[in-house]
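Notes for the structure review
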Amino acid sequence: MTSTLLRGIGELVTCSSEMGDGSALGVVHGGALVIEGERVAWLGETAHAPAADAVLDMGACAVIPGFVDSHSHLVFAGERSAEFAARMAGTPYSTGGIQTTVSATRAATDEQLVAQVSRHVQEMLRQGTTTVEIKSGYGLTALHESRALSVAGQFTSETTYLGAHVVPPEYADDPDGYVDLVTGPMLDACRPHARWVDVFCERGAFDADQARAVLQAGMSAGLSPRVHANQLGPGPGVQVACELGAASADHCTYLSDEDVAGLRDAGVVATLLPGVEFSTRSPYPDARRLIDSGVTVALATDCNPGSGYSSSMPLCVALAVREMHLTAAEALWSATAGGAAALRRSDVGRLAVGGWADLVALDAPSYVHLAYRPGVPIVASVWRRGRPVIG
Ligand SMILES: [Zn+2]
């Protein structure tokens, strides 16, 4: 097995608090790291680095763990730029536009869907994302939902069954009949391809009882729960997530004091998706209140063709700092280790000896530049499973 030493790293961010400066980011100044095969074999200060087969001098740049994007909707066809333009001209966002994407996705061939997901996963990789969760939710039949999950499974093990994204038009008069489908034959078709079950618990989508039914059926089938909660207004989504021990409640834009306490006490990660507020010109979630209350916060893109079509984790970090008052350190932790927590993973989102060598070299001396220099191509190179894939 060949080894590669990356030396002369200005800031080596490990996201392991026992490393380096002892902060949550575990920064090693003047750091070095040895990749052996797919894993990190050693990390520490350059002065103490062991010999390796190959040596790369990093020129005092910052190196961070690969981003963990724990919330995306990449299996879709078509695009909705006209709807976006109308929204920017004053039409408010509603859940109705999802139907447009459902029609396009059903009409697409398997090859078209695979090509589309591949393009977006590559786009994410170029921006430093080495782990991504991908949901279904634009098929809304047993056949099309299981097809979406089998496509997603070609790119990630973090696949999420979201048959309960919205009630399709053919069930407009019988939403409970649709829940029966989602918890019955559609679940049977999807469970072999999914790790997670998710539900859009929101006015205009699914209420608390329906959400509970969807999640409990998924859990009985061996899937783990996560919830789209409290995005467009106050609602029961967060409480349902806490009650069922979901890994994550996603969006969390409108929270009561009870919701915040519930997240903290149940250990449910609050996954914030600031690209959505940016793209829908909506108020941002109160991230400070969550962090200051002891809730674990993750940042993710929610990349989808309707409410937020950006795949950029660096943009999420910049928005979290500029608009949600996180420190740059909190934002980076939430986009890496926080995302890993939202997926209940300890093998990604941090750099540790024995862990996967998923890492990103920035064209910058400090990770703070992720927020300080928004919109620039700041990712210089990316390694995934020890292999240089970008740069
Ligand atoms: Zn979403």
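All values derive from a computational prediction rather than experimental measurement. (Residues numbered from 1 in each chain as written. Predicted model: local features only at pLDDT ≥ 70, side-chain atom pairs only at ≥ 80, totals over all residues.)

1. Structural notes on the environment of Leu 43
Note on placement: Leu 43 falls in strand β3 (residues 39–45). With 24 residues separating them in the primary sequence, Leu 43 and Met 19 have C-alpha atoms 9.2 Å apart. Sequence-distant contacts of Leu 43, that is, excluding residues within four places in its chain, are made with Leu 12, Thr 14, Val 28, Gly 31, Ala 32, Leu 33, Leu 351 and Val 353. (Helix = DSSP H or I, 4+ residues; strand = E, 2+ residues; numbered from the N terminus. Contact = placed C-beta atoms within 7 Å.)

2. As for the pairing of strand β17 (residues 387–390)
Direction of pairing for strand β16 (residues 379–384) relative to β17: antiparallel, over a ladder of three bridges. Counted as the bridge partner of Arg 384 is Arg 387 from β17. Hairpin connection between β16 and β17: a loop of two residues separates the two successive antiparallel strands, and Arg 385 in this loop has a positive phi of roughly 50°. (Pairing = 2+ DSSP bridges.)

3. A look at the nonpolar core
One finds Leu 33, Val 63 and Val 317 to be the most contacted residues of the largest nonpolar core, which totals 130 residues. At nine residues, helix α12 (residues 313–324) tops the list of elements feeding residues into this core. Both of domain 1 (3–66 + 349–390) and domain 2 (68–342) provide at least three residues apiece to this core. Once residues lying within four places of it in the same chain are set aside, the contact partners of Leu 33 are Leu 6, Ile 9, Leu 12, Val 40, Leu 43, Val 63 and Leu 351. (Core = buried A, V, L, I, M, F, W, Y, C linked by C-beta atoms within 7 Å. Buried ≥ 20, exposed ≤ 12 C-beta atoms within 10 Å, placed from the backbone. Domains from an automatic or database assignment.)

4. A short note on helix α9 (residues 257–266)
Count 3.6 residues to each turn of an α-helix, and residues three or four apart come out pointing the same way. Among the residues of α9, those classed as buried are Asp 259, Val 260 and Leu 263. Here the buried residues of α9 occupy an arc of 100° about the axis, which is enough to place them on one side. α9 presents Asp 257, Glu 258 and Asp 265 as exposed residues on the side facing more than 90 degrees away from its buried surface. Among the structural elements, α8 (237–243), β12 (248–251), β13 (269–272) and α11 (287–292) are those in contact with the buried residues of α9. (Arc of directions from axis to C-beta.)

5. As for the packing of helix α3 (residues 110–126) against helix α4 (residues 142–152)
Interaxial distance between α3 and α4 falls to 10 Å at its minimum, and their mutual angle equals 45°. With respect to α4, the axis of α3 lies oblique. Note that α3 runs across α4; the crossing there is right-handed. Within the contact between the two elements, α3 uses Asp 110, Leu 113, Val 114 and Val 117 and α4 uses Arg 147, Val 151 and Ala 152. Across the contact of α3 with α4, the residue classes tally to five nonpolar, no polar and two charged. (Axes fitted to C-alpha atoms, helices over the stretch in contact; angles between N-to-C directions. Parallel < 35°, antiparallel > 145°, perpendicular 65-115°, else oblique. Left-handed = near helix turned anticlockwise from the far one by under 90°. Nonpolar A, V, L, I, M, F, W, Y, C, P; charged D, E, K, R; others polar.)

6. Description of the sheet that holds strand β11 (residues 224–229)
Taken together, the seven strands give an open sheet; going across it, the order is β8-β9-β10-β11-β12-β13-β14, and neighbouring strands pair in parallel fashion. Sheet topology places β8 (134–135) and β14 (297–299) at the edges, where each strand pairs with a single neighbour. Sheet analysis places β11 next to β12, joined by three bridges and oriented parallel. Bridge pairing in β12 links Val 227 to Ala 249. Most of the contacts of helix α7 (residues 208–220) go to strand β10 (residues 196–201), to which it runs at about 175°, and overall it touches β9 (159–164), β10 and β11.

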